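# Coordinates in review
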Amino acid sequence: EDQVTQSPEALRLQEGESSSLNCSYTVSGLRGLFWYRQDPGKGPEFLFTLYSAGEEKEKERLKATLTKKESFLHITAPKPEDSATYLCAVQGDYKLSFGAGTTVTVRA
Amino acid sequence: SQTIHQWPATLVQPVGSPLSLECTVEGTSNPNLYWYRQAAGRGLQLLFYSIGIGQISSEVPQNLSASRPQDRQFILSSKKLLLSDSGFYLCAWMDSGDAFFGQGTRLTVV
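Residues numbered from 1 in each chain as written. Chains lettered and ligands numbered in written order. Predicted model: local features only at pLDDT ≥ 70, side-chain atom pairs only at ≥ 80, totals over all residues. Heavy atoms only, no water.

### Description of the overall build of chain B
The number of helices and strands found in chain B is 0 helices and 11 strands. Overall, chain B shows an N-to-C arrangement of helices and strands of β-β-β-β-β-β-β-β-β-β-β. For a compact globule of 110 residues, the expected C-alpha radius of gyration is about 13 Å, and chain B comes in at 13 Å, within 12% of that figure. Overall, chain B is about 40 × 25 × 20 Å in size when its C-alpha atoms are taken along their principal axes. Look at the contacts in chain B between residues 6 or more apart in sequence, and 54% of them connect residues 24 or more apart. Looking at chain B as shown, the accessible area adds up to about 5,100 Å², and 52% of this sits on carbon and sulfur atoms. Between the mean site of the 7 positive side-chain charges and the mean site of the 7 negative ones, chain B shows a separation of 12 Å. (Helix = DSSP H or I, 4+ residues; strand = E, 2+ residues; numbered from the N terminus. Rg over C-alpha atoms; globule rule 2.2 N^0.38 Å. Contact = heavy atoms within 4.5 Å. Areas by Shrake-Rupley, 256 points an atom, 1.4 Å probe, with all protein chains shown as cover. Lys, Arg positive; Asp, Glu negative; His and termini not counted. Charge placed at Lys NZ, Arg CZ, Asp CG, Glu CD.)

The following block contains the structure:
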């Protein structure tokens, strides 16, 4: 069974204080690793899909990296509007299995 | 461009009443479709997924069922709701490696 573990559960940052979120996974035949941002009461917003170890993708202050066992989401110089819950998911066959998420709070 | 529509946004239903939530996708063909439920402060639990018309896979035995009567339509149903069916229901579609979500339905069973 595919498993995804995200850490930490919560992260409080000062504006401009860079940090990283971790997503550890076990899956039989990774077809993709996904990162999403979710605001309260909203559906998850797609950020990235990574397919193979060594791959990196960037979007504004966010950068996602992938190894054979984990993925990191780096937040560089965060702003208050980056406050959200960040979800990680893996696709083994057709299913997407999600972690519990990391809730990031950025204080001005 | 592709879009996903999910409705209603909120729903309050009495225990024992039926349920029908609909999700439609535009701008793509033969997508993989998914229904998830998210309990308050928790991760997403996969309920059903479909790789084609009439093809439904169930992940968790429960009081719910799903159907895909058309290529881009996915319906979540229940004959009799339970209190434990309350939650945030999300529809998603996948095509060409990326997966996108609708805005969700907040269901409260009273």
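That covers the picture; the talk isn't over yet.
### Here's the deal with the side chain of B:Arg37
All names here are of chain B. With respect to the secondary-structure elements, Arg 37 resides in strand S4 (residues 32–38). Reaching out from Arg 37, the side chain makes a polar contact with the side chain of Tyr 89 at a distance of 3.0 Å. Filtering out sequence-adjacent residues up to four positions away, Arg 37 remains in contact with Gly 43, Leu 44, Gln 45, Leu 47, Gln 62, Leu 64, Ser 84, Asp 85, Ser 86, Phe 88 and Tyr 89. (Polar contact = N/O pair within 3.5 Å; in protein donor to acceptor, adjacent residues only side chain to side chain.)

### Things to note about the nonpolar core
Judged by nonpolar contacts, the single largest core of 22 residues is most densely connected at A:Leu21, A:Leu33, A:Trp35, A:Leu73, A:Tyr86 and A:Val104. The set of elements that each furnish at least two residues to this core consists of strand S2 (10–14), strand S3 (19–26), strand S4 (32–38), strand S5 (45–50), strand S7 (62–66), strand S8 (70–75), strand S9 (84–91) and strand S11 (102–107) of chain A. The greatest single-element share of this core, amounting to 4 residues, is contributed by S9(A). In this view, A:Val104 contacts A:Leu11, A:Leu13, A:Leu21, A:Ile75, A:Asp82, A:Ser83, A:Ala84 and A:Tyr86; residues no more than four positions away in its chain are not counted. Core analysis: the next-biggest nonpolar cluster, separate from the first, contains 19 residues, B:Val25, B:Leu33, B:Leu64 and B:Tyr89 among them. (Core = buried A, V, L, I, M, F, W, Y, C linked by side-chain atoms within 4.5 Å. Buried < 20%, exposed > 50% of the residue type's maximum accessible area, 1.4 Å probe, protein only.)

### Details of the pattern of salt bridges
Enumeration according to the criterion identifies 7 salt bridges over all chains in this entry. One salt bridge in this structure joins A:Arg61 and A:Asp82, with 2.7 Å as the shortest N-O distance. Residue A:Arg61 is found in the loop between strand S6 (56–59) and S7, and its partner A:Asp82 is found in the loop between S8 and S9; the two are separated by 21 residues along the sequence. Under the relative-accessibility criterion, A:Asp82 is labelled buried at 7%. A salt bridge links B:Glu59 to A:Lys95, with the nearest nitrogen and oxygen atoms 3.4 Å apart. In this pair, B:Glu59 sits in the loop between strand S6 (55–58) and strand S7 (65–70) while A:Lys95 sits in the loop between S9 and strand S10 (96–98), so the two residues belong to two different chains. (Salt bridge = Lys/Arg side-chain N within 4 Å of Asp/Glu carboxyl O.)

### Quick word on the state of the cysteines
Residues and elements named next belong to chain A. According to the stated counting rule, one finds 2 disulfides over all chains in the structure shown. Between the sulfur atoms of Cys 23 and its disulfide partner Cys 88 the distance amounts to 1.9 Å. Here the S-S torsion is close to -65°, and the disulfide linking Cys 23 with Cys 88 is therefore left-handed. One end of the pair, Cys 23, is in strand S3; the other, Cys 88, is in strand S9, and 65 residues separate them in sequence. On the basis of relative accessibility, which here comes to 0%, the residue Cys 23 falls in the buried class. (Disulfide = S-S within 2.5 Å.)

### Examining the interface of chain B and chain A
At the junction of the two partners, chain B supplies 22 residues and chain A supplies 18 residues. Buried surface at the junction of chain B and chain A, summed over both partners, amounts to about 1,600 Å²; 59% is from carbon and sulfur atoms. Joining chain B to chain A, the criterion identifies 6 residue pairs in polar contact (both at pLDDT 80 or more). Partitioning the side of chain B that touches chain A into residue classes produces 12 nonpolar, 7 polar and 3 charged. (Buried area = accessible area lost by both parts, 1.4 Å probe. Nonpolar A, V, L, I, M, F, W, Y, C, P; charged D, E, K, R; others polar.)

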